[in-house]
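Residues per chain, in single letters:
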Amino acid sequence: MFRFLIRSALIVPLAAGTFAASAAEEKKQTSGRWTMGVAGGTAHQFSTGLDKGGDFNVSSWFVRPSIGYSWDRKTGVALALSGGETYYGFSGSSGLAGGEPWGRIRDLRVSLPIRFTPMEDVDVFIIPSIRTNAEAGASLDDGRTEGMIAGAMWQITDKFAIGPGAGWFSQLGDDSKIFPVLLIDWQITDQLSLSTGRGLGASQGGGLTLGWKANERLSFGLSGRYEWVRFRLDNRGPAPGGIGQDVGFPLVASVEYSFGPMASISGFAGVKFAGELEIEDRNGKTLDSSDYDLAPMAGFAFRMRF
């Protein structure tokens, strides 16, 4: 029940983060010009115990080049490509599915964020995307899913914007999912803000972030989100051609240093709780699952624009 409540509360900020990230990038663009950028990072989830015995750790990296064009400060389109890998290391023969249900997972994504303003103080977003998550040795096509998020934000005051939206995504071995989206961007004070924003580097996903800007260069944040990752398995493990799943709730503190409007680096550390691993057959029927203990995590990311 606790995991269900977490998922229900955080799935909206998770989806909304995609909008907020796209909006931030578009606002930085100069009217009538092309822009390019690249982001990347790495994260490590330290070894933690599985309820069924044994333990595991996770290491990941990603890189995301992008190119966009803006007709004005509120109208633009971008193409973002993302590639990365996540490495699961298991130990202990009594754990999930015999101790080593999967290993290296590949993650590839393509998205096309579109942003425009149909009327004053209203921003509209449409973001179609395709992604594939598959274990090394499995077909990338077998791990492919598609989806789209669309919504709008109303600028209620110069410091507060809010709006609704909806998302649709296909799922590996499961029915497509439709969910509501709530967007918020609240500048509480000159230094303090609350918003649905992008995830930190390789940690993946957006969430709800409380941010504090110490000065023009240095800022801090506290972020929480629900994280749900599904991927196609190879034909050599305990569930040939099956599906792996990793869910949980990361809560992280972050620090970001900006070198100017074109580049920044950030680091984060925190803990992932309410975590669960699950293994399914190729049709989505659960074969085995295990909760896992609190998992410390840390990492860093960078962003550059040209």
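Note that the structure is a prediction, hence the values are computed from the model and not measured. (Residues numbered from 1 in each chain as written. Predicted model: local features only at pLDDT ≥ 70, side-chain atom pairs only at ≥ 80, totals over all residues. Heavy atoms only, no water.)

As for the overall build of the chain
Turning to step 1, where the next piece is worked out: Within the chain, the secondary structure is distributed over one helix and 17 strands.
Turning to step 2, where the next piece is worked out: Partitioning the intrachain contacts of the chain with sequence separation of at least 6 by distance along the chain shows that 59% fall at a separation of at least 24. (Helix = DSSP H or I, 4+ residues; strand = E, 2+ residues; numbered from the N terminus. Contact = heavy atoms within 4.5 Å.)

Quick word on the nonpolar core
Turning to step 1, where the next piece is worked out: With 16 residues, the main nonpolar core has Phe56, Tyr88, Phe90, Trp102, Phe231 and Leu277 as its most contacted residues.
Turning to step 2, where the next piece is worked out: Mapped onto this core, the elements with two or more residues apiece are strand S2 (55–72), strand S3 (75–91), strand S13 (227–232) and strand S15 (263–280).
Turning to step 3, where the next piece is worked out: Contact partners of Phe90, with chain neighbours within four places excluded, come to Leu50, Asp55, Phe56, Gly99, Glu100, Pro101, Trp102 and Leu277.
Turning to step 4, where the next piece is worked out: Of all hydrophobic cores here, the second largest spans seven residues; its members include Phe125, Ile149, Ala161 and Leu183. (Core = buried A, V, L, I, M, F, W, Y, C linked by side-chain atoms within 4.5 Å. Buried < 20%, exposed > 50% of the residue type's maximum accessible area, 1.4 Å probe, protein only.)

A closer look at a nonpolar patch on the surface
Turning to step 1, where the next piece is worked out: Together, Trp34, Met36, Ile67, Leu79, Leu81, Val110, Leu112, Ile130, Met304 and Phe306 line one region of the surface with nonpolar side chains, adding up to about 910 Å² of accessible area.
Turning to step 2, where the next piece is worked out: Of all elements in the fold, only strand S1 (33–49) and S3 reach the threshold of two or more residues within the nonpolar patch.
Turning to step 3, where the next piece is worked out: Tracing the chain through its elements places Met36 in strand S1.
Turning to step 4, where the next piece is worked out: Judged by its relative accessible area of 48%, Met36 falls in the partly exposed class. (Patch = residues over 30% accessible without salt bridge, like charges linked within 9 Å, V, L, I, M, F, W, Y side chains within 5 Å. Areas by Shrake-Rupley, 256 points an atom, 1.4 Å probe, with all protein chains shown as cover. Salt bridge = Lys/Arg side-chain N within 4 Å of Asp/Glu carboxyl O.)

A closer look at the confidence of the model for the chain
Turning to step 1, where the next piece is worked out: When pLDDT is averaged along the chain, the result is 85, and 86% of the positions lie at 70 or above.
Turning to step 2, where the next piece is worked out: Mean pLDDT across the elements of the chain bottoms out in helix H1 (residues 2–28) (40) and peaks in strand S4 (residues 104–111) (96).
Turning to step 3, where the next piece is worked out: Within the model, pLDDT remains below 50 along residues 1–30, and this stretch shows 76 contacts once partners closer than five positions in the same chain are excluded.
Turning to step 4, where the next piece is worked out: In this model residues 199–205 is a low-confidence stretch, pLDDT under 50, and it forms 29 contacts with partners more than four residues away in sequence or in other chains. (pLDDT = per-residue confidence, 0-100.)

A few points about the packing of aromatic side chains
Turning to step 1, where the next piece is worked out: Here the structure, examined in full by the defined rule, presents 15 aromatic pairs.
Turning to step 2, where the next piece is worked out: With 5.0 Å between their ring centres and 55 degrees between their planes, Trp34 and Tyr69 make a pair best called tilted. Of this pair, Trp34 sits in strand S1 while Tyr69 is found in strand S2, placing the two residues 35 residues apart along the sequence.
Turning to step 3, where the next piece is worked out: Exposure remark for Trp34: the relative accessible area of 58% places this residue in the exposed category.
Turning to step 4, where the next piece is worked out: Taken together through their ring pairs, the aromatic side chains of Phe56, Tyr88, Phe90, Trp102, Phe231 and Tyr292 make up a single cluster. (Phe/Tyr/Trp six-rings, centres within 6.5 Å; stacked < 30°, edge-to-face > 60°.)

Quick notes on unusual backbone geometry
Turning to step 1, where the next piece is worked out: One non-glycine residue, Asp121, adopts positive backbone phi at about 70 degrees.
Turning to step 2, where the next piece is worked out: Structurally, the position occupied by Asp121 is in the loop between strand S5 (114–119) and strand S6 (122–135).
Turning to step 3, where the next piece is worked out: With a phi angle near 55 degrees, Ala274 is a residue other than glycine that sits in the positive phi range.
Turning to step 4, where the next piece is worked out: With respect to the helices, strands and loops of the structure, Ala274 is situated in strand S15.

Considering the pairing of S13
Turning to step 1, where the next piece is worked out: For S13, the buried fraction is high: five of the six residues fall into the buried class.
Turning to step 2, where the next piece is worked out: In this structure, S13 lies alongside strand S14 (residues 243–260), joined through six bridges in antiparallel fashion. Following the sheet pairing, Trp228 is matched in S14 by Val247. (Pairing = 2+ DSSP bridges.)

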